[in-house]
Amino acid sequence: MIDINKVRADFPILKQTINGKPLVYLDNAATGQKPQVVIDSIVNYYSTLNANIHRGVHTLSQKATDAYELARFKIQKHFNAKQNYEIILTAGTTHSINIVATGFTTLLQKGDEIIVSAMEHHSNIVPWQMLCERTGAILKVIPMNLDGELIMTAYDNLLSNKTKLVFVNHVSNALGTINPIKEIIDKAHKIGAAVLIDGAQACPHIKPDVQALDVDFYVASAHKLCGPTGVGILYGKEEWLNKLPPYQGGGEMIKQVTFEKTTYADLPHKFEAGTPNIAGVIAFGTALDYLNNLGFNNIAAYEAELLDYATKKLLQIEGLKIYGTSKSKTAVISFNIGNIHPYDIGSIIDKLGIAVRTGHHCAQPIMDFYKIPGTVRASFSFYNTFEEVDLLYNALVKAKTMLS
Ligand SMILES: *Cc1c(COP(=O)(O)O)cnc(C)c1O
């Protein structure tokens, strides 16, 4: 069970007022807020531990290295990776995807096919388009239906012996749909294709088990998981990470450097050139501890109630249409009211202290599919309350009256 008052007390930012009203933060799909323990972890690192890692013989450097590697271990346990060196620490989901997309340049040939889904975030479309330009590979798209679900029979038809890679998000950031990734992975493996799952939007709500999924690559960002910005992970199966060339050259990623030839370091360091966000990685470990203490089953149960309540409440507003109506979804409600522009709604309810996202949510193809300029997106977290849903409802009613 989530003890909502206790949980809210952990998040200092939630205590403030915005435009004279209590902050109602419903933009969790863009980034999550940070509990005090995560903030303390960053302060503690810079106050007591700061040193560069993996290179110094001095005590402080060793302590910093131990703290950093302990965080990697916590991440390994969280995602249930087989080996700690299968967890590559990156700057975030976008960075992780680019490591894989760039690496595949040497592994693809002209005419090979890459399958993505119709509900991808831009960061999961553009790197593949660039990869296709470099290699002559062809991009295919799994279409979706009006509920915002992938059409799996169409996926079956796209798979062939030309398919080398499949890229799908675990949960859509614009619609909240939870995609059937296990089925997608198994079908791709049958024809010998590798699968990368973008877990950026799933991980705040679902604890993925990369071994049970048998996924080849899984990526996520710390900042949507109560952790800091600029930190993320690339999980890759050992065999795949060994096949991929390094992404960036620099310090820390080499075994030996001469002007004739450089040999690369072993995993995970091969992909971790330069000084990383040490404090951020350690704080990410703290964030995972915090979330696992709350328990992902508790988080999912609470958020499901919140989603159910909010969906029923908002549908009471005449002319309100929800985009993304799959039965299998996380606590995200993307909607429009009549022909009112989403930006106008967002601006008015901001005056009332309510933070939502408006626009295309980095997923323009979805908006084109529904033939709309964008949506208002309210995305919930385990620290949101039923009272906040009521405040959102009241604010929307007010905005609708003012704008129509
Ligand atoms: C947020 C998000 C991303 C991008 O994450 P960054 O942290 O900005 O790199 C990619 N995919 C999905 C589904 C997201 O929600």
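Cut-off values and rules
Residues numbered from 1 in each chain as written. Predicted model: local features only at pLDDT ≥ 70, side-chain atom pairs only at ≥ 80, totals over all residues. Heavy atoms only, no water. Helix = DSSP H or I, 4+ residues; strand = E, 2+ residues; numbered from the N terminus. Contact = heavy atoms within 4.5 Å. Domains from an automatic or database assignment. Buried area = accessible area lost by both parts, 1.4 Å probe. Pairing = 2+ DSSP bridges. Axes fitted to C-alpha atoms, helices over the stretch in contact; angles between N-to-C directions. Buried < 20%, exposed > 50% of the residue type's maximum accessible area, 1.4 Å probe, protein only. Near = heavy atom within 4 Å. Polar contact = N/O pair within 3.5 Å; in protein donor to acceptor, adjacent residues only side chain to side chain. Areas by Shrake-Rupley, 256 points an atom, 1.4 Å probe, with all protein chains shown as cover.

1. A short note on the environment of Gly359
Step number 1: Within the secondary structure layout, Gly359 lies in strand E16 (residues 357-359).
Step number 2: Spatially, the C-alpha atom of Gly359 lies 39 Å from that of Asn84, the residues being 275 residues apart in sequence.
Step number 3: Leave out the neighbours within four places in its chain, and Gly359 touches Met367, Gly374 and Thr375.

2. Here we look at the domain arrangement of the protein chain
Step number 1: Here the protein chain is partitioned into domain 1 (4-28 + 295-403) and domain 2 (39-292).
Step number 2: Inter-centroid distance (C-alpha atoms) of domain 1 to domain 2 is 29 Å.
Step number 3: Counting from both sides, the interface comprises 32 residues of domain 1 and, opposite them, 32 residues of domain 2.
Step number 4: Together, the buried faces of domain 1 and domain 2 total about 2600 Å²; carbon and sulfur atoms form 60% of this surface.
Step number 5: The largest per-residue losses of area from domain 1 upon contact with domain 2 belong to Phe296, Thr330 and Ile366, which jointly make up 26% of the total buried on that side.

3. Quick look at the sheet that holds strand E13 (residues 320-323)
Step number 1: The strand order across the open sheet formed by four strands is E13-E14-E17-E16, and the pairing between neighbours is antiparallel. Of all the strands in the sheet, the pair left with one neighbour each is E13 and E16. Mean inter-strand twist for the sheet, computed between neighbouring axes without regard to direction, equals 30°.
Step number 2: Two strands pair when backbone bridges link them, and strand E14 (residues 332-337) and strand E17 (residues 375-379) are joined in this way by four bridges, in the antiparallel orientation. Within the sheet, the bridge partner assigned to Phe335 lies in E17 and is Val376.
Step number 3: The sheet strands contacting helix H11 (residues 296-314) are E13 and E14, and the helix crosses E14 at an angle near 5°.

4. Overview of the environment of Glu133
Step number 1: Relative to the helices and strands, Glu133 resides in helix H5 (residues 126-135).
Step number 2: What makes Glu133 exposed here is its relative accessible area of 70%.
Step number 3: With 28 residues separating them along the chain, Glu133 and Thr105 place their C-alpha atoms 9.8 Å apart.

5. Overview of the sheet that holds strand E7 (residues 163-169)
Step number 1: In spatial order, the strands read E4-E10-E9-E8-E7-E5-E6; together these seven strands make up an open sheet with mixed pairing. Where the open sheet ends on each side, the last strands, each with one partner, are strand E4 (87-90) and strand E6 (138-142). On average, each strand axis in the sheet is inclined to that of its neighbour by 20°, with strand direction left out of account.
Step number 2: Note that E4 and strand E10 (residues 232-236) share four bridges and pair antiparallel. Across the sheet, the residue bridging to Thr90 is Gly232, located in E10.
Step number 3: In the packing of helix H7 (residues 181-190) onto the sheet, the strands contacted are E7 and strand E8 (194-198), and the crossing angle to E8 comes to about 160°.

6. Focus on the site of the ligand
Step number 1: Close to the ligand lie Thr93, Thr94, His121, Ser123, Asn173, Asp198, Ala200, Gln201, Ser221, His223 and Lys224.
Step number 2: Between an oxygen atom of the ligand and a main-chain N or O atom of Thr93, the distance comes to 3.5 Å.
Step number 3: Here Thr94 contributes a side-chain N or O atom positioned 2.6 Å from an oxygen atom of the ligand.
Step number 4: For the ligand, whose free accessible area comes to 390 Å², the fraction covered by protein is 85%.

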